[in-house]
Amino acid sequence: MANDPRPNSPLTDPGPITRLRGLVPHRAAPPASGNLLNLMESHATMGRPLLRAERHETAFSNRIGRPPSGNSATEPMDLEHAEDPPLPAGTSNRTTIGVEFEFLVAVTLRDAAAIDPHPNDGRSLSTALVSENEASAAFRLSVRNSLIDTLRRNGIVAVKSSELVHLPGVYASGLNYWDSLEDPQRLVDPNLTQLRTWIGQAAWNPALSPQDNVEAAANALAEQFHQFHANNGLAIHQTLNSTCEMIARTRATYFLNGFPNEAHGPTYQRLEIRLKEVITQGKREHQNVINSQVDPNAVILPGLDQKYFHWSCVTDVSVSIDGVEPEHYSFPDGTTPPDPGAIYKWFSAEVRSPPLDYDHPDTHSILQNACGSLRNFYRIHKPTSHIESGLHVHFGQEAGWTLLHLKKLATLWILLEQSLETLHRQDRSTDNPFTLALRRASPIADALQHGDFSAIILSGLSTRDPVRSRLQNNSMQRYVPLAESAAYISDYLQNFINEIWQYESITALARGLSGTRSGHVQWRVRGAGRSDPLAPQGLTQTLEVRIMQGTLDANHIWSWISLVERMIVFSRDAHPIDFKRGLSDMLSGTRLPREVIGIEPGDMLYFTQRQNQETGFFEYPDHDKVDWLAPFMIPGYANTHGVPTVPYTNGHASINGHAATNGYADTNGHAAPYMNGNGH
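Residues numbered from 1 in each chain as written. Predicted model: local features only at pLDDT ≥ 70, side-chain atom pairs only at ≥ 80, totals over all residues. Heavy atoms only, no water.

A few points about helix α5 (residues 241–251)
This is how it is decided: Buried residues are those whose accessible area, probed at 1.4 Å on protein chains only, stays under 20% of the maximum for their type, while exposed residues exceed 50% and partly exposed ones sit between those limits. Helix and strand assignments follow DSSP, with helices taken as H or I runs no shorter than four residues and strands as E runs no shorter than two, numbered in order from the N terminus. Throughout, a contact is declared for two residues whenever any of their heavy atoms are within 4.5 Å.
For α5, every residue scored as buried is listed here: T243, C244, M246, I247, A248 and R251. Buried positions along α5 lie against α3 (192–195), α4 (210–231) and α6 (261–291).

Things to note about the nonpolar core
Here is the rule we go by: By convention a nonpolar core is built from buried Ala, Val, Leu, Ile, Met, Phe, Trp, Tyr and Cys residues, the set being connected through side-chain atoms within 4.5 Å.
Ranked by internal contacts, the top residues of the largest apolar core, which has 100 residues, are F101, F103, W523 and W560. The element contributing the most residues to this core is helix α9 (residues 403–421), with 11 residues. Non-local contacts of F101, meaning those with residues more than four positions away in its chain, are made with W311, A349, E350, V351, L367, C371, G390, L391, T551, L552 and I557. Counting 24 residues, the second largest nonpolar core, distinct from the first, contains A202, A217, I236 and M246.

A closer look at a negative patch on the surface
Under the convention used in this document: Patch rule: a residue counts if its relative accessible area is over 30% and it has no salt bridge; like charges are joined within 9 Å, and nonpolar side chains (Val, Leu, Ile, Met, Phe, Trp, Tyr) within 5 Å. In these tables, accessible area is a Shrake-Rupley quantity obtained with a 1.4 Å probe, and a residue counts as shielded only by the protein chains included in the view. For this document, the term salt bridge refers to a Lys or Arg side-chain nitrogen within 4 Å of an Asp or Glu carboxyl oxygen. This count recognises Lys and Arg as positive and Asp and Glu as negative, with His and chain-terminal groups excluded. A single reference atom marks each charge: NZ on Lys, CZ on Arg, CG on Asp, CD on Glu.
Taken together, the side chains of D322, E325, E327 and D339 make up a negatively charged region of the molecular surface. Checked against the element boundaries, D322 lands in the loop between β4 (312–315) and β5 (329–330). When its relative accessible area of 65% is taken as the criterion, D322 is described as exposed.

What to know about the confidence of the model for the protein chain
To keep things clear, this is the line we draw: As a per-residue measure, pLDDT reflects the predictor's confidence and takes values from 0 up to 100.
Summing up the model confidence of the protein chain, the mean pLDDT is 82 and the portion of residues at 70 or higher is 80%. A low-confidence stretch, residues 643–680 (pLDDT under 50), is modelled with 71 contacts involving residues beyond four sequence positions or located in other chains.

Notes on the pairing of strand β9 (residues 390–397)
The condition is simple: Two strands qualify as a pair provided DSSP detects at least 2 bridges between them.
By the criterion of burial, β9 is predominantly enclosed, with 8 of the 8 residues buried. Residues of β9 alternate between two faces, with G390, H392, H394 and G396 on one and L391, V393, F395 and Q397 on the opposite face, all of them buried. Direction of pairing for strand β1 (residues 95–109) relative to β9: antiparallel, over a ladder of 7 bridges. Residue pairing in the sheet places E100 in a bridge with H392 of β9. Across 5 bridges, the pairing between β9 and strand β11 (residues 542–549) is antiparallel. When the sheet's bridge partners are listed, L391 is paired in β11 with M548.

Notes on the environment of L192
With respect to the element layout, L192 can be found in helix α3. Setting aside residues no more than four positions away along its own chain, L192 makes contact with T243 and M246.

Thoughts on helix α15 (residues 506–513)
With 6 of 8 residues buried, α15 is to be regarded as a mostly interior element. Considered for burial, the residues of α15 that qualify are I506, T507, L509, A510, G512 and L513. Close packing links the buried residues of α15 with α9, α10 (438–441), α11 (443–450), α14 (491–500) and β10 (521–524).

Observations regarding the packing of α4 against α6
How two helices sit against one another is set out by the angle between their axes and by the gap between those axes. To keep things clear, this is the line we draw: Here the axes come from fitting lines to C-alpha atoms, over the contacting stretch only for helices, and the angles between their N-to-C directions go from 0 to 180 degrees. When an angle is under 35 degrees it counts as roughly parallel; over 145 it counts as roughly antiparallel; between 65 and 115 it counts as roughly perpendicular; any other value is oblique. Two helices that cross are described as forming a left-handed crossing if the nearer one is turned anticlockwise from the farther one by less than a right angle, and a right-handed crossing if clockwise.
Where α4 meets α6, the axes come as close as 8 Å, and the angle between the chain directions of the two elements is 40 degrees. Taken together, the axis directions place α4 and α6 in an arrangement best described as oblique. Read as a crossing pair, α4 and α6 show a hand that is right-handed. Taking contact as the criterion, the partners of V214, E215, A217, A218, N219, L221, A222, F225 and H226 in α4 are, on α6, A263, P266, T267, R270, L271, R274, L275, V278 and I279.

A short note on the packing of aromatic side chains
Between two aromatic rings, the relevant description is the distance of the centres plus the angle of the planes. We count it as follows: We call Phe, Tyr and Trp rings a pair once their centres come within 6.5 Å, taking the six-membered ring for Trp, and we label the pair stacked below 30 degrees between planes, edge-to-face above 60, and tilted otherwise. Placement of a positive charge over a ring is assigned whenever Lys NZ or Arg CZ falls within 6 Å of the ring centre and within 35 degrees of the normal to the ring plane.
Under the criterion given, the structure shown has 19 aromatic pairs. Taking 6.0 Å as the distance between ring centres and 70 degrees as the angle between the ring planes, the aromatic pair formed by Y606 and F607 counts as edge-to-face. Take Y606: its relative accessible area is 11%, and that puts it in the buried class. Since its relative accessible area comes to 2%, F607 is described here as buried. Joined through ring pairs, the aromatic side chains of Y479, W501, F570 and F579 make up one cluster. Between the NZ or CZ atom of R153 and the centre of the ring of F377, over which it lies, the distance is 5.1 Å. The side chain of K408 reaches across the aromatic face of F579, ending 5.0 Å from its centre.

Considerations on the side chain of D427
What counts here: We call two N or O atoms a polar contact when they sit within 3.5 Å, provided that within protein one can donate a hydrogen and the other can accept it, with sequence-adjacent residues counted only if both atoms are side-chain atoms.
Its location among the elements puts D427 in the loop between α9 and α10. The buried category is assigned to D427, whose relative accessible area is 19%. A distance of 2.5 Å separates a polar atom in the side chain of D427 from a polar atom in the side chain of R425. What D427 contacts, discounting residues up to four positions off in sequence, is S385 and N432.

Dropping the structure here:
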């Protein structure tokens, strides 16, 4: 165990931590705010390498869920039955993952006359959006919809949700939520040739007023227009507004029988509006069909909101180029550092997956396809601390969470949190407002550090019901070796863990662990002994793990997901004796955390190979100073960084005088393969 040297930790500012009634005794001052268990090698004197362990399938028996009979082989208490209700016989309990990818896309040059500083990149830069303000609704809708179209072209069931319709200026832009200025169909109407042959019929009715005649003619012709599409097999959603304008302004004169000259102009105007309404309705119906599509890989649970039935994309204003300055890049000697915000127009994207079955053999490849599809087509900025993007994973349980499962998992997380932080870039755990340590910034932490022991924040159970409080403490002692491992756990963390086990419902526990600030984990769960059923537009009943930095490296993402999944399943399925012994062994150094939890050697290897030996944190090979020669994630789904080509010469890169494929090369100077994710 090592001290946490960060400012404002309970080590340096412990606050008035006093003895809490009903909790185990603790030392007067906490020696550390967290437990830094060395995940990379044994912190005991054994010197065993981290990667020497059995495969995780042997760590505990059941990957699908607890047996219906419950956890314990010893006299289970009524309290634990309430907090850990058994699953009905035959019920599965798959672990689901929903991934949110945040990233920044270079969409277009800021000036149409500007020279592309990365001409050999080979990936998309828009020409249609050069003149659009990047804050406008038209710009954001266009890029969002282009991203969705790219995913769909690669076999991913993604939809253009209506979540962006509330952007300022959407309606003034003249675009619907499915439209894009990038859409090639905006320029070529596949139905135009046949629509030129359409002849409508509308006759003047003397019994009607001129205004009613105009309206009746426009309605009748609009209906005939719609029927002509149906009769000739024309997809009405592909007809352009410009075609409607052409028909109303140049051909409608041939459709009107007996109309006086003064009625022609108003009829043309009204007809143009009605024809556009017809095709807009056709597009809406077509989009509704698309939006009803369900990803065949999605885990559709009863009550799941339909927006999670498929992939989607929104804009995330927290991800911005504004914090990136020229000094955050490395440049060849003699070149002038540019301002990336002055060269490109950027789009802040958040792509969301539906809930997927972690154990399905295709899930990893699905994430690889999504990451590769985006990186192969777009210029996406490499990960850097100056772009505050995150990778968020929503973990769920098909049969729901139980209170006992969450207490065990919260205990495991708190004990490992300081160590887990080292698996990610250092800025993700140093006062990043979007991902704060639970042990330092949760409501429980606030109360312990500042002496607020009210029932509003803490459970208050020892005061309200001392008998129940003792029962909860007895339950904790069956699973957590606080007394046996007191030498390895600070007083502060002992108090924190005690408080976790005092809560009487999932709802109360979640409120104690998730406040108004964004933690490393957001506990988006509610319920009593078992989490409540899902309800549309309600809570997701997931744990949103937010600590990882933004990336589109699917293998990196999978390694992290797999590690957390092992923590979840170990907490769910381990027998009380095995769980307690595992915590004790981790804390004492008898066994490594990876060995106890059952983490695959390859998953940990990903992080050990990228650990900064001085800071102990994960670090990219550019040391958080992006190479301006290659500022974008390389194509493919694996490592985001590549070795740039030779010296910078007015934005052109070459190898021995020859242009490099897509502007990237491996260490031997050969064009790096990327379609299969092998670029490095």
